[in-house]
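# Summary of structural features
Below, each chain spelled out in residue letters.
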Amino acid sequence: MPGRWATAAFTAMNPAAQPIGVFDSGIGGLTVVRQMQRLFPNEQIIYLGDTARVPYGTKSAETVTRFACEDAAFLVAQGVKALVVACNSASASALPELGERFSLPTFGVILPGAIAANEATRNGHIGVIGTQATIRSGAYERLVGELNRELRVTSQACPLLVPLVEEGWLDHEVTDAVLREYLAPMLAGGVDTLVLGCTHYPLLKESIARVAGPEVALVDSAETCAAFVQQELQWHNLLATEGEGGVRIHVTDEIERVRDMAERFLGGPSHAVQQVELGAL
């Protein structure tokens, strides 16, 4: 039932015309923004990439949670009506704390992916690839188990994939070789569904599909998160149905690099990027 899985209580709803806040440790979350713009084009989106402290995937759960709360505080100060944690590492570690600190609807990327994998698998064996922090957290295993205890999850940390994406090696023999190394144990074990558990990975979907083969269903965390947010905002009458949508991009460092890569991640013309400084909580 819509509304069941929201992290924060919808007790103090803001007008539907207010923007949606989205954050990630870097720019991978722009793949979520891209899907959000496709599904609900009337929304204004404020994006924050914490590029000064990227990656979150190699840091402790406590540190990731602290950083996520600082990211969220910045967006809340911009008057957003909802928060989207477009980072698997932060979704795995920080959602409970975010729900306690901020009285806004708050969504992560892991639960929508777990739901989609549960629906897609045919043999009950799901694979998950992600950062070290996401895999270490066991969040996908936990949520898939809550949905269906009979399902089996095999996870693999893939730390080399994010640098390859940011290098632009999306269709490259080196990338294919790295993917074969990471995916070989899962494929040999018989997974029939693979969750792309990092928001950079949708840009590698064609390469992953080529290596995994046609019998393996891919669950795109950017697509599933955007669809989930749309469903929840509609259910709570918070989805903008008129007006011109758009995205404002903020980063904490590397503004020129982000400007160069934003077009690749958003699949359209380059956007203005503003550098900001986050306050410590």
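Residues numbered from 1 in each chain as written. Predicted model: local features only at pLDDT ≥ 70, side-chain atom pairs only at ≥ 80, totals over all residues. Heavy atoms only, no water.

With that out of the way, let us pick up the overall build of the chain. What the chain contains, in helices and strands, is 11 helices and 10 strands. Taken over the C-alpha trace, the chain has a radius of gyration of 18 Å; the compact-globule value for 281 residues is 19 Å, and the two agree within 12%. Expressed along its principal axes, the backbone C-alpha trace of the chain runs to roughly 50 × 40 × 35 Å. Scored against the burial criterion, the 281 residues of the chain give a buried share of 55%. Sequence separation of at least 24 residues holds for 77% of the intrachain contacts in the chain that already meet a minimum separation of 6. Accessible area for the chain stands at about 11900 Å²; split by element, carbon and sulfur atoms hold 49% of it. (Helix = DSSP H or I, 4+ residues; strand = E, 2+ residues; numbered from the N terminus. Rg over C-alpha atoms; globule rule 2.2 N^0.38 Å. Buried < 20%, exposed > 50% of the residue type's maximum accessible area, 1.4 Å probe, protein only. Contact = heavy atoms within 4.5 Å. Areas by Shrake-Rupley, 256 points an atom, 1.4 Å probe, with all protein chains shown as cover.)

Now for the packing of helix 1 (residues 30–39) against helix 11 (residues 255–266). Where helix 1 contacts helix 11, the axes come no closer than 8 Å and their chain directions differ by 50°. Classified by the angle between their axes, helix 1 and helix 11 sit oblique to one another. Two packed elements cross with a definite hand, and for helix 1 against helix 11 that hand is right-handed. Along its contact with helix 1, which presents L30, T31, V33, R34 and Q37, the element helix 11 presents A262, R264, F265 and L266. (Axes fitted to C-alpha atoms, helices over the stretch in contact; angles between N-to-C directions. Parallel < 35°, antiparallel > 145°, perpendicular 65-115°, else oblique. Left-handed = near helix turned anticlockwise from the far one by under 90°.)

Moving on: the pattern of salt bridges. Inspection of the entire model under this criterion finds 13 salt bridges. A salt bridge links K81 to E43; the shortest N-O distance between them is 2.9 Å. With K81 in the loop between helix 2 (61–77) and strand 3 (82–85) and E43 in the loop between helix 1 and strand 2 (44–49), this pair connects stretches of sequence that are 38 residues apart. The same class applies to K81 and to E43, which are both buried. One salt bridge connects R210 with D171, and the closest N-O pair in it is separated by 3.1 Å. One end of the pair, R210, is in helix 9 (residues 205–212); the other, D171, is in the loop between helix 7 (161–167) and helix 8 (173–189), with 39 residues separating them in the sequence. A relative accessible area of 44% means that R210 is categorised as partly exposed. Salt bridges linked by common partners bring D50, R53, E70 and D71 together as one network. (Salt bridge = Lys/Arg side-chain N within 4 Å of Asp/Glu carboxyl O.)

Reading across the sheet, the four strands line up as 6-5-7-8 and stay open at both edges, with parallel pairing between neighbours. Each of the sheet's edge strands pairs with one partner strand only, and the pair in question is strand 6 (152–157) and strand 8 (217–220). Looking at each pair of strands side by side, their axes are set apart by 20° on average, direction ignored. The pairing of strand 5 (residues 125–130) with strand 6 spans six bridges and is classified as parallel. Looking at strand 6, one finds that G127 is bridged to T154. Most of the contacts of helix 6 (residues 139–147) go to strand 6, to which it runs at about 165°, and overall it touches strand 5, strand 6 and strand 7 (193–197). (Pairing = 2+ DSSP bridges.)

It is worth spelling out helix 9 at this point. One turn of the α-helix equals 3.6 residues, which is why residues spaced by three or four share an orientation. Along helix 9, the positions that sit buried rather than exposed are S207, I208, V211 and A212. End-on, the buried residues of helix 9 take up no more than an arc of 125°, which puts them together on one face. Among the structural elements, strand 5, helix 8, strand 7 and strand 8 are those in contact with the buried residues of helix 9. Just beyond helix 9, the residue with positive phi is G213, at close to 95°. (Arc of directions from axis to C-beta.)

What follows is about the packing of helix 2 against helix 3 (residues 88–101). Working note: a packed helix pair is described by the angle between its axes plus the distance between those axes. Between helix 2 and helix 3, the shortest axis-to-axis distance is 8 Å and the interhelical angle comes to 55°. With respect to each other, helix 2 and helix 3 are oriented oblique. Regarding helix 2 and helix 3, the two cross each other, and that crossing is right-handed. Residue-level inspection shows A61, V64, T65, A68, C69 and A72 of helix 2 in contact with helix 3, the latter providing S89, A90, S93, A94, E97, L98 and R101.

Once that is clear, we can look at the confidence of the model for the chain. When pLDDT is averaged across the chain, the result is 90; 94% of the residues are at 70 or more. Considering only residues more than four positions removed or in separate chains, one finds that residues 1–14, a stretch of pLDDT under 50, has 34 contacts. (pLDDT = per-residue confidence, 0-100.)

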